[in-house]
Amino acid sequence: MGRRTPRPASLALRSALVRAAPKTPLAAAQTAWPDAVGEAIAAVTEPVGERDGILSVRCEGATWAEELSLMEEELLEHLRERLGAVSPRALRFLVG
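Residues numbered from 1 in each chain as written. Predicted model: local features only at pLDDT ≥ 70, side-chain atom pairs only at ≥ 80, totals over all residues. Heavy atoms only, no water.

A. A look at the side chain of serine 56. Summarising the element assignment, serine 56 is placed in strand 2 (residues 54-59). Setting aside its immediate chain neighbours within four residues, serine 56 contacts Glu46, Pro47, Val48, Gly49, Arg92 and Leu94. (Helix = DSSP H or I, 4+ residues; strand = E, 2+ residues; numbered from the N terminus. Contact = heavy atoms within 4.5 Å.)

B. The arrangement of the environment of valine 57 in detail. Along the chain, valine 57 turns up in strand 2. Between the C-alpha atom of valine 57 and that of arginine 19, which follows or precedes it by 38 residues, the distance is 23 Å. Apart from residues lying up to four places away in sequence, valine 57 is in contact with Trp33, Thr45, Glu46, Pro47, Arg92, Phe93 and Leu94.

C. Molecular detail of the environment of glycine 96. The topology assignment puts glycine 96 in the segment after strand 3 (90-95). Look at glycine 96 and you get exposed, because its relative accessible area is 68%. Residues glycine 96 and glutamine 30, 66 residues apart in the sequence, show an inter-C-alpha distance of 17 Å. Not counting chain neighbours up to four residues away, the residues in contact with glycine 96 comprise Arg58 and Cys59. (Buried < 20%, exposed > 50% of the residue type's maximum accessible area, 1.4 Å probe, protein only.)

D. View of helix 2 (residues 25-37). End to end, helix 2 covers 17 Å across 13 residues, agreeing with the expected 18 Å (1.5 Å per residue, within 8%). The largest bend along helix 2 measures about 40° and falls at threonine 31, with the proline proline 34 one to four residues further on. Buried residues in helix 2 make contact with helix 3 (39-42), strand 1 (45-51), strand 2 and helix 5 (72-83). Downstream of helix 2 by one or two residues, glycine 38 has phi in the positive range, about 95°. (Expected span 1.5 Å × (residues − 1). Bend = angle between axes of the 7 residues up to and from the residue.)

Below is the structure:
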């Protein structure tokens, strides 16, 4: 019987985080955000609130908030692919 190749620790940690995360729209968005928007955007943004289907995202600066506002539909599509029914219907970008 052959030896199985060990799984990368990152896969086990990601799986544990998904199972441990609260089952709220905000928690789901926070978990999916880095994969949905990519590393560069995730490094300067953070989903911080959700109300009535609108996800509030804090941005590092006004330029990022403006740029991401222009990309809203594309970002929402990526979130829909990952979140399905619990995806936000709109994004609101905050500076700070």
